[in-house]
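Now for the letters of each chain:
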Amino acid sequence: MTAYLGVDRSLTGRRWIGPAPDIVRQAEALVQQTEMPPALCQTLARLGVPAEDVSTYLEPTLRALLPDPRSLRDMEKAAARILQAVRTRERIAIFADYDVDGGASAALLIDWLRQLDRRATLYVPDRIDEGYGPNEAAMAALARDHDLIVCVDCGTLSHGPIAAAIGADVVVLDHHLGGETLPEAYAVVNPNRQDEDGSLAHLCAAGVVFLALVEAGRQMREAGHQGPDLMSMLDLVALATVADVAPLRGVNRALVRQGLKVMAQRARPGLVALCDVGRLETAPKSYHLGFVLGPRVNAGGRIGKADLGARLLATTDAQEAKALADRLDALNTERREIEEAVRAQALEQAEARGFDAPLVWAAGEGWHPGVVGIVASRLKERTNRPAIVIGFDGDAGKGSGRSVSGIDLGAAIHKLALEGHLEKGGGHKMAAGLSLSRAQLEPAMARLAEILAKQGADQLGASDLRLDGPLMPGAATPELVDLLEEAGPFGAGAAAPRFVFPDMQIGFAKRVGSAHLKISFGDGLGARIDAISFGAFDGPLGPALEQHGGARFHLAGRLEINEWGGRRSVQLRLEDAALAG
């Protein structure tokens with residue numbers, strides 16, 4: 001594959017890959033057929049959008065894209081059981097996972113029940129003491145005091161714990177990969193059950209919960225009753241979908257697009273407080289959900305009290321929301337410090353093993369279980385390989401993994417568990433968790449590497465930066481950025497457009513803070529753009545551009561709007577650069 005603009009090794013050590021010839025041809029055809037800007041057409045062509053679908057793709061609606069909830073097995077049964085509990089005032093408990101998806105799923109149910117003048121007990125397990133998913137002690141205790149337990153974002157593989165819930169019905173609303181058998185629950189709704197067709201496998205748990213509430217609303221209307229307002233809850237679904245790295249395609253695009261509109265109305269106290277503590281000055285975009293709001297919600301489950309995130313998202317009290325958001329913000333700062341210490345050690349280990357294997361992994365004594373998933377994500381980003389990071393406490397190891405596009409890590413971990421290489425393991429395509437002993441570590445990682453190699457993980461380019469094409473400063477207008485946003489939301493499965501400004505002259509360059517770089521650049525024809533590169537001085541990019549010496553550069557990154565003093569201007573989020581010529 002020929003390097004784009006001849007850049008085999010950029011300032012950050014990456015090879016640049018441009019759009020394939022067939023994508024270029026499709027983009028040119030879209031320009032002629034739609035009369036839209038080339039940059040937008042390049043993005044749409046890369047996303048596989050034909051000319052006849054452009055208008056509907058740019059305006060995704062739930063009316064057009066929302067699937068029939070009854071297409072999922074057990075859905076009618078699950079919704080009917082929840083409605084029965086509401087109607088007869090049964091005691092309801094919600095058992096939720098400790099991440100954003102679990103917290104948002106729980107908050108959806110709590111909000112829905114509240115609008116029906118019902119309450120539920122929230123139970124979120126402690127990550128360290130209890131681990132992921134239902135456990136027998138907790139389920140048995142909940143069953144003694146409740147008639148119905150709804151497990152959200154967990155439960156599909158919890159045969160023993162669900163059997164321990166004697167005297168209560170259990171409904172599972174989940175999306176994690178199912179096994180060959182299902183637990184003895186009243187209903188298991190999961191698009192990733194092995195007897196599902198996989199058409200909705202991209203839903204996160206909050207998406208599944210939302211569909212369950214849609215089905216409950218339909219059953220209520222059929223009985224002559226009006227249900228709660230579900231559209232007002234889409235802010236929670238959007239947050240969970242992006243934060244759980246669910247592919248942004250199909251109905252997920254509509255859920256996130258509509259959810260962002262709801263979030264912009266600032267009606268949910270928990271999200272308002274979260275945006276304020278994250279210092280968001282504009283309406284949130286999908287980037288903010290994944291990198292500003294999501295990490296703070298997750299911080300409670302990682303290193304604090306596990307239910308803080310769910311409580312924040314569910315509260316209707318503004319003062320409580322502020323207190324919870326402040327606490328989560330402080331925990332997130334602490335989490336970053338812990339993460340950095342583990343990241344440095346894990347990177348050193350992984351580098352010693354080499355980055356060319358089908359699996360990158362690291363393990364260490366005392367590594368906090370709450371940050372191993374984030375560190376795995378960092379290794380994955382650094383190497384473009386599936387990554388596993390494991391923290392040991394004596395002989396017991398708990399790990400987390402993150403995958404890359406095209407490699408199903410959840411299925412690989414599930415196979416590893418079935419073969420007896422793990423004590424426990426599961427997940428979905430992009431993320432997975434596992435538990436194992438020290439004796440299992442080396443054999444398990446070796447076997448996992450074999451499984452992933454069969455999926456082609458060892459054939460991935462470790463240092464490729466994919467670009468959508470060239471752009472000149474004069475064409476990078478606020479209007480173009482607004483149009484590109486219409487092709488979003490961007491995230492997993494739908495990468496944001498990344499352009500290169502070729503042969504640019506740098507005007508000024510200055511360090512911002514300890515590690516960031518701000519520059520201004522132009523093409524010599526009058527048009528100029530500002531750019532910001534976060535963490536540029538953590539590598540060679542910052543020093544090279546700061547001391548540019550008049551040299552010209554190709555500059556690659558993503559466009560965004562910078563709003564300051566009531567003025568909107570285009571800014572490049574600079575990711576990489578290469579000497580021109």
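The present account deals with the structure reproduced in this document.

Parameters and conventions
Residues numbered from 1 in each chain as written. Predicted model: local features only at pLDDT ≥ 70, side-chain atom pairs only at ≥ 80, totals over all residues. Heavy atoms only, no water. Pairing = 2+ DSSP bridges. Helix = DSSP H or I, 4+ residues; strand = E, 2+ residues; numbered from the N terminus. Axes fitted to C-alpha atoms, helices over the stretch in contact; angles between N-to-C directions. Contact = heavy atoms within 4.5 Å. Buried < 20%, exposed > 50% of the residue type's maximum accessible area, 1.4 Å probe, protein only. Expected span 1.5 Å × (residues − 1).

A word on the sheet that holds strand 3 (residues 121-123)
Strand pairing in a sheet is mediated by backbone hydrogen bonds. Such pairs are either parallel or antiparallel.
Right, so step 1: Read across the sheet, 5 strands follow the order 3-2-4-5-6 without closing on themselves; strand pairing throughout is parallel. Edge strands, defined here as strands with exactly one partner in the open sheet, are strand 3 and strand 6 (187-189). Strand-to-strand twist across the sheet, computed as the mean angle between neighbouring axes with direction ignored, equals 15°.
Right, so step 2: Sheet topology note: the strand 5 (residues 169-173)/strand 6 ladder contains 3 bridges and is parallel. Residue pairing in the sheet places Leu 173 in a bridge with Val 189 of strand 6.
Right, so step 3: Across the sheet, helix 6 (residues 100-115) is in contact with strand 2 (92-96), strand 3 and strand 4 (148-152); its angle to strand 2 comes to roughly 160°.

Regarding the pairing of strand 9 (residues 396-402)
Right, so step 1: By the criterion of burial, strand 9 is predominantly enclosed, with 5 of the 7 residues buried.
Right, so step 2: Judged from the 7 bridges that link them, strand 8 (residues 387-393) and strand 9 form a sheet pairing that is antiparallel. If you follow Ile 390 over to strand 9, its bridge partner there is Gly 399.
Right, so step 3: Linking strand 8 to strand 9, which pair antiparallel, is a turn of 2 residues; within it Gly 394 sits at a positive phi near 70°.
Right, so step 4: Where strand 9 meets strand 11 (residues 431-437), 7 bridges bridge the pair, whose relative direction is antiparallel. Note that in strand 11 the partner of Gly 399 across the bridge is Leu 434.

What about helix 11 (residues 251-264)?
Right, so step 1: Its 14 residues give helix 11 an end-to-end C-alpha distance of 20 Å, which sits within 8% of 20 Å, the value for a rise of 1.5 Å per residue.
Right, so step 2: When you tally the buried positions in helix 11, you get 12 out of 14 residues, the bulk of the element.
Right, so step 3: Just beyond helix 11, the residue with positive phi is Arg 266, at close to 55°.

So, the environment of Asn 384
Right, so step 1: Of note, Asn 384 is situated in the loop between helix 16 (372-383) and strand 8.
Right, so step 2: Under the relative-accessibility criterion, Asn 384 is labelled partly exposed at 29%.
Right, so step 3: With 76 residues separating them in the primary sequence, Asn 384 and Leu 460 have C-alpha atoms 7.0 Å apart.

What to know about the sheet that holds strand 8
Right, so step 1: Overall, mixed pairing links the 5 strands, which are arranged 7-8-9-11-10 in an open sheet. Both edges of this open sheet fall to strand 7 (360-365) and strand 10 (424-427), since each of them pairs with a single strand only. This sheet shows a mean twist of 15° between the axes of neighbouring strands, independent of strand direction.
Right, so step 2: Most of the contacts of helix 16 go to strand 9, to which it runs at about 45°, and overall it touches strand 7, strand 8 and strand 9.
Right, so step 3: Lying on the sheet, helix 18 (residues 438-454) is in contact with strand 7, strand 8 and strand 11; it crosses strand 11 at an angle near 140°.

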